[in-house]
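# A structural walkthrough
Listed below are the residues making up each chain.
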There are 2 protein chains.
Amino acid sequence: MLTLFHHPDCPHSRFVRLILREYDLPVRQVIERTWERREEFLILNPAGTTPVLVCQENIAVPDASIIAEYVDETYGKNFGDARLFPVDISGRIEVRRLLDWFNGKFFKEVSGPLTDERYKHYMMPSSDSGRRDHALIADACQSIEHHVAYIESLLSKQDWLAGVQLSYADLAAVAHLSVTDYFCKAAWNGYGRFNAWHERMRSRQAFQSVLTGGWRS
Amino acid sequence: MLTLFHHPDCPHSRFVRLILREYDLPVRQVIERTWERREEFLILNPAGTTPVLVCQENIAVPDASIIAEYVDETYGKNFGDARLFPVDISGRIEVRRLLDWFNGKFFKEVSGPLTDERYKHYMMPSSDSGRRDHALIADACQSIEHHVAYIESLLSKQDWLAGVQLSYADLAAVAHLSVTDYFCKAAWNGYGRFNAWHERMRSRQAFQSVLTGGWRS
């Protein structure tokens, strides 16, 4: 049995939960409050970040992109056409590039600052430090449009972000976008392809399960 | 022939140049000034960052960690025992974890801010904005010791960062450490294993070539 240390508000954790749910891999889930810097967790991942997947060989796999590689190398070939990571070189490069875009660039500019704001609220709910940083939230929300426009441009060539079928790239994008809902009430009226793709992603059973907690453990 | 778009002061570029030099793969090198946001370069990598490797199939591979994966998948098996990325699951997880540590965490806390300072000098050498941010430099230099202590702890168990032989992890670490020399004059007297490993890494022909420009194109 796999064990996932995660936080419900962590976009990287959501990405991994979407992968596990799409593949229907049974997993025991443990909520980790990284700001508590729990000693046993720091042994699993000295960087102190979620998610961490403890795999059947009892090895701790940290970081969303590394977990995605591990899941593909261990289980990917069982899924044939539904595999979420391509086997051809150019497909692999494109999926990894977009994983870096969403897990790296989007997280740095948008979902990371918003997640930190959310965590701050848990850490210090009643102190001054627990107050919202409205300028930071406004900056992050403003940065989203550039990414939405980029997704729109990718979808002008193909149905899914990295090609002709659903891949890790779509799951990472929707996971990071999902943590912005709480803060950013933006309407993307001008982005028809983005909206259609976003709706398609949000109506998938995996997405519903991850966001509503209907998760099989 | 491979083509690498890089900058001599970019630690991610140095990491990739070390890999290519260790494997003795011929490469044409092009210096890219990312702050100029050259249109042709943004087509190769919309994120606008170095390094980018244009491979023989004429595909642009962005990002140091993605290039490392590409080089391993394409050339790795030719190098037998000298392969820089293990083939066993736990070895792969450990090397990827440390790549994320140095290309991610160390870059965020240390080598990234220092590289930005260096770039600022190229971008605006004579203006006020070109002046050194001494507080930022001091912060980054102070953060190094935590990483040096971490490397020391890894080396208490084994000769190389990720195990019994040289791997991508050692090359990434030394590449990111190398861009700190210009700003941080720290003595790591208390870290004997770190110093011995660092000296071993710096005396490798690949390291000498990358830092002195003695590169075969």
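Residues numbered from 1 in each chain as written. Chains lettered and ligands numbered in written order. Predicted model: local features only at pLDDT ≥ 70, side-chain atom pairs only at ≥ 80, totals over all residues. Heavy atoms only, no water.

Right, let's talk about the interface of chain B and chain A for a bit. Across the contact, 23 residues belong to chain B and 23 residues belong to chain A. When residues of chain B are sorted by the area they lose upon contact with chain A, B:Ile66, B:Ile93 and B:Arg96 head the list and together hold 27% of the total. The tally of links from chain B across to chain A stands at six salt bridges. A salt bridge links B:Glu73 to A:Arg92, with the nearest nitrogen and oxygen atoms 3.0 Å apart. Here chain B is connected to chain A by six residue pairs in polar contact (both at pLDDT 80 or more). Elements represented by at least two residues in the side of chain B that touches chain A include exactly β4 (60–62), α3 (64–75) and α4 (89–123) of chain B. Among the elements that take part in the side of chain B that touches chain A, α4(B) stands out by supplying nine residues, more than any other. Broken down by class, the residue content of the side of chain B that touches chain A amounts to twelve nonpolar, two polar and nine charged. (Contact = heavy atoms within 4.5 Å. Buried area = accessible area lost by both parts, 1.4 Å probe. Salt bridge = Lys/Arg side-chain N within 4 Å of Asp/Glu carboxyl O. Polar contact = N/O pair within 3.5 Å; in protein donor to acceptor, adjacent residues only side chain to side chain. Helix = DSSP H or I, 4+ residues; strand = E, 2+ residues; numbered from the N terminus. Nonpolar A, V, L, I, M, F, W, Y, C, P; charged D, E, K, R; others polar.)

Turning our attention to the side chain of A:Asn45. All names here are of chain A. Within the secondary structure layout, Asn-45 lies in the loop between α2 (39–44) and β3 (52–54). Residue Asn-45 is classed as buried on the basis of its relative accessible area, which comes to 3%. Apart from the residues lying within four places of it in its own chain, the contact partners of Asn-45 are Val-52 and Pro-62. (Buried < 20%, exposed > 50% of the residue type's maximum accessible area, 1.4 Å probe, protein only.)

This part covers the sheet that holds strand β1 (residues 2–6) of chain A. Residues and elements named next belong to chain A. If you trace the four strands from one edge of the open sheet to the other, you get β2-β1-β3-β4, paired in mixed fashion. Each having just a single partner strand, β2 (27–31) and β4 (60–62) make up the two edges of the open sheet. Between one strand axis and the next, the sheet turns by 20° as a mean value, whatever way the strands run. Sheet topology note: the β1/β3 ladder contains three bridges and is antiparallel. By the bridge assignment, Thr-3 is partnered in β3 with Val-54. (Pairing = 2+ DSSP bridges. Axes fitted to C-alpha atoms, helices over the stretch in contact; angles between N-to-C directions.)

All names here are of chain A. It is at 11 Å that the axes of helix α6 (residues 168–178) and helix α7 (residues 192–202) come closest, and there the two elements cross at 90°. In terms of axis orientation, α6 runs roughly perpendicular to α7. Each of Asp-170, Leu-171, Ala-173, Val-174 and Leu-177 in α6 lies in contact with α7, whose residues at this interface are Phe-194, Trp-197, His-198, Met-201 and Arg-202. A per-class count over the contact of α6 with α7 returns seven nonpolar, one polar and two charged. (Parallel < 35°, antiparallel > 145°, perpendicular 65-115°, else oblique.)

The next point concerns the layout of surface pockets. To find the voids left in a structure, one rolls a probe of water-molecule size over its atoms. Volume-wise, the second largest pocket comes out at about 370 Å³. Around the second largest pocket sit 19 residues that line it, and A:Ile43, A:Leu44, B:Glu94, B:Arg97 and B:Lys157 are the ones nearest its centre. Elements that contribute at least two residues to the lining of the second largest pocket include exactly α2 of chain A together with α4 and α5 (134–155) of chain B. With five residues, α4(B) is the single largest residue contributor to the lining of the second largest pocket. In terms of residue class, the lining of the second largest pocket is built from ten nonpolar, five polar and four charged. (1 Å grid on protein atoms, 1.4 Å probe; cavity = no way out; pocket = protein on both sides within 12 Å on 5 of 7 lines; lining within 4 Å. Points joined across faces, edges and corners; volume = space filled by probe spheres on them.)

Of the residues making up helix α7 (residues 192–202) of chain B, those classed as buried are B:Phe194, B:Trp197, B:His198 and B:Met201. Buried residues in α7(B), looked at end-on, bunch into an arc of 100°, giving them a common side. (Arc of directions from axis to C-beta.)

Here the focus is the state of the cysteines. Disulfide: a covalent bond connecting the sulfur atoms of a pair of cysteines. Residues and elements named next belong to chain A. Throughout the structure, instances matching the rule amount to two disulfides over all chains. A sulfur-sulfur separation of 1.9 Å characterises the disulfide bridge that pairs Cys-141 with Cys-184. Its S-S torsion of approximately -75° makes the covalent link between Cys-141 and Cys-184 left-handed. Of this pair, Cys-141 sits in helix α5 (residues 134–155) while Cys-184 sits in the loop between α6 and α7, and the two are 43 residues apart along the sequence. Free cysteine Cys-10: the closest other cysteine sulfur is in Cys-184, separated by 17 Å. Under the relative-accessibility criterion, Cys-10 is labelled buried at 4%. Considering cysteine sulfurs only, Cys-10 is the nearest to Cys-55, which forms no disulfide, with 19 Å between them. According to the relative accessible area criterion, Cys-55 is buried, its value standing at 3%. (Disulfide = S-S within 2.5 Å.)

To continue, consider the environment of A:Gly192. Secondary-structure assignment places A:Gly192 in helix α7. C-alpha of A:Gly192 to C-alpha of A:Glu152: the two residues are 40 residues apart in sequence and 7.8 Å apart in space.

Residues and elements named next belong to chain A. Most of β1 sits inside the fold, with five of its five residues counted as buried. Here β1 shows a buried face lined by Leu-2, Leu-4 and His-6 and a second buried face lined by Thr-3 and Phe-5. Two elements, β1 and β2, share five bridges in a ladder whose sense is parallel. Within β2, the position partnered with Phe-5 by the bridge is Val-30. Handedness of the crossover joining β1 and β2 through helix α1 (residues 11–22): right-handed. (Right-handed = clockwise from strand over helix to strand, strands pointing away.)

Further remarks concern the sheet that holds strand β3 (residues 52–54) of chain B. Residues and elements named next belong to chain B. Judged by pairing direction, the sheet is mixed, and its four strands sit side by side in the order β2-β1-β3-β4 without closing on themselves. The sheet is open, and its two borders are formed by β2 (27–31) and β4, each paired with just one other strand. On average, adjacent strands in this sheet sit at an angle of 20° to one another, irrespective of strand direction. With three bridges connecting them, β3 and β4 associate as antiparallel partners. In the sheet register, Val-54 faces β4, and the bridge partner there is Ala-60. Running at roughly 155° to strand β1 (residues 2–6), helix α1 (residues 11–22) makes contact with β1, β2 and β3 of the sheet.

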